[in-house]
Amino acid sequence: MLRKFLYLSVLFSAFFLTLSTPVSAAGDDEDRTGFIMHHIKDSYEWHFATFGHKHLTLPLPVIIYSADRGLEFFMSSDFQNPETHKFGEAYAHNGYYIDEHEHLYSVEGRSFTDLSITKNVAMLFLVILVMGSLVLSAAKHYKKNGISAPKGAAAIIEPVVIFVRDEIAHKAIGPKYRKFVPYLLTLFFFIWIGNLMGLMPGAANLTGNIAVTATLAVLTFIVVNVNGNKEYWKHVFMTPGVPVPLLLVIVPVEIIGLFTKPFALMVRLFVAITAGHIVILAFIALVFIFESYAIGVVSTLMVTFLNIIELLVATIQAYVFTLFSAMYIGAAVAEHDHH
Amino acid sequence: MDLILPSSGLIIWQLIGFLALLFLLMKFAWKPILEALDEREKSIEDALKSAEIARNEMANLKAENERILQEAKIERDQMLLKATETAKQLVEEAKEKAQIEGAKMIENAKAAIETEKKAALEEVKVQVSKLSLEIAEKLLKKNFSEDAAQKALVEEMVKDLKLN
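Per-chain numbering applies: the sequence of each chain, read as written, is numbered from 1 onward. Think of it this way: whatever chain is written first is A, whatever ligand is written first is 1, and the rest follow in order. Confidence filtering applies because this is a predicted model: local features only for residues at pLDDT of at least 70, side-chain atom pairs given and counted only at 80 or more, and all residues used for totals across whole chains, interfaces and linings.

## Here we look at the nonpolar core
- Remark: nonpolar core denotes a set of buried Ala, Val, Leu, Ile, Met, Phe, Trp, Tyr and Cys residues whose joining runs through C-beta atoms within 7 Å. Field definition: a residue is buried when 20 or more other C-beta atoms are found within 10 Å of its C-beta, exposed when 12 or fewer are, and partly exposed for counts in between, with C-beta atoms placed from the backbone. Judged by nonpolar contacts, the single largest core of 68 residues is most densely connected at Ala169, Leu184, Phe188 and Phe190 of chain A.
- The secondary structure listing takes helices from DSSP runs of H or I that are at least 4 residues long and strands from runs of E that are at least 2 residues long, numbered from the N terminus. Of all the secondary-structure elements, those providing two or more residues to this core are helix H3 (119-145), helix H4 (153-173), helix H5 (181-198), helix H6 (210-226), helix H8 (244-290) and helix H9 (293-333) of chain A together with helix H1 (8-143) of chain B.
- By the convention adopted here, residues make contact when the C-beta atoms placed from their backbones lie within 7 Å. Once residues within four sequence positions are removed from consideration, Phe188 of chain A is found in contact with Val164, Ala318 and Thr322 of chain A.
- If you look at the next biggest cluster of nonpolar residues, it comprises ten residues, including Val62, Phe79, Tyr97 and Leu104 of chain A.

## A short note on H3 of chain A
- What a helix is expected to span follows from its residue count: subtract one and scale by 1.5 Å. Spanning 27 residues, H3 of chain A covers 39 Å between terminal C-alpha atoms, matching the ideal 39 Å at 1.5 Å per step.
- One or two residues past the end of H3 of chain A sits Gly146 of chain A, with phi positive at roughly 60°.

## Observations concerning the domain arrangement of chain A
- All domain edges in this entry derive from an automatic or database-based domain assignment. Considered domain by domain, chain A is made up of domain 1 (54-117) and domain 2 (159-333).
- Summarising the inter-unit geometry, the C-alpha centres of domain 1 of chain A and domain 2 of chain A are found 32 Å apart.

## Comments concerning the UniProt feature "coiled-coil region" (unreviewed entry) in chain B
- UniProt positions are given in the numbering used here, feature names are shortened, and annotations may be inferred rather than shown by experiment. The feature "coiled-coil region" (unreviewed entry), as annotated in UniProt, sits at residues 34-123 of chain B in this numbering.
- Taken as a whole, residues 34-123 of chain B contains 100% helix and 0% strand, while its terminal C-alpha atoms sit 130 Å from one another.

## Section: the interface of chain A and chain B
- In this assembly, 39 residues from chain A lie in contact with 31 residues from chain B.
- Of all the secondary structure elements, the ones that give two or more residues to the side of chain A that touches chain B are strand S7 (113-114), H3, H4, H5 and H6 of chain A.
- Each residue receives one of three labels: charged for Asp, Glu, Lys and Arg, nonpolar for Ala, Val, Leu, Ile, Met, Phe, Trp, Tyr, Cys and Pro, and polar for the others, Gly being one of them. Split by residue class, the side of chain A that touches chain B holds 24 nonpolar, ten polar and five charged.

Pasting the structure below:
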């Protein structure tokens, strides 16, 4: 069924491609596809839609901390043209400006820390709100009804909780898994809900942002290495069963390995989610490039199909990130048999 | 904003947000949820275990009943066997006794017959001797008168005797 659908879409696109005459002028391409990268990246304002020349946006707070001036609060709308919503050096405000590529600079070149509530930070708060209320309302059910059958939010949460506990934590970590279940559950639900909410129209690409995945990967790195037992460290610095001269090679590799694990976690989630968003938006962009209704029909079919795939990817990536975290923890706490 | 360069602001907010979420949920959500799940699993396990125990007890009870029934059957069979044996023995004894009794009675009858016979013979003897005496007396009386007459008389008497 799916395959037929795919074939049909490809056939349709090929057919209509020959019919439609591309009318894009050279300079327009940036405007036609620019929204893709704009969506993928973070932003100081939350842009929803543009009708003609009217922009539907949500201005977000720009928070700056600097040693000499302390905390400063502005709105993103302070730094842009009120009509075109364009940022630029020309719209500097209080000694700061945001350039066309949405970088915050100080006019005098002072050093500061940018703590702005950007689009992704706002999205982060939304995800935390949704996830917190979902899980807390599930917890309320258990507090009230004890061990009776789950209902409402608890019924949604429970199979996933059991899956994470039994299939991920218990299998990957072994007998000492209990301590790590809350962390893995939070990780799984955060990534899962973040991925799913990111698929909604107008949403930000939170879990496809490298800062987010890097933070999660670093947290896993800390959990793994804080809980690493004697055998784990011995395996890193004095790999058993390896002759001493070889240790000169093995030990650096093992030490690098400590860092490649979270690095892989970070890159995997970032790439999987970002790529998914780019592909979906690329199919939408086809409509603007070819300016054809026929392409619109095909793109819509493809985007629907890709959205379904992305629902799957959202869950798989949450599972994979959690599973690998659990496996790294498992390797750190395992009591190895002496070879 | 860059694609592959993490921005410090987002990292800080992500760290704060995620850790806050983690500790909040750890304390108020995951703990009660996981405890409730454990408790439920434990109660299910207990229920299954007690069901198993009840089933075993039932089976034991059944086996016990069966055993008792079997024993009762065996006992009944034994009792029946004994009863028939006793009955047979009684009949046998009765038969034996009857035979002995019969034999004794026959013996007694034989003895009585013998005695009767002896008594009868005795009486015959007495009669014969009486008759003989009578004959002898008559003979003696006639003997003195006539020899031929005597002979005729003896013959007549003997004839009479034969008729008797």
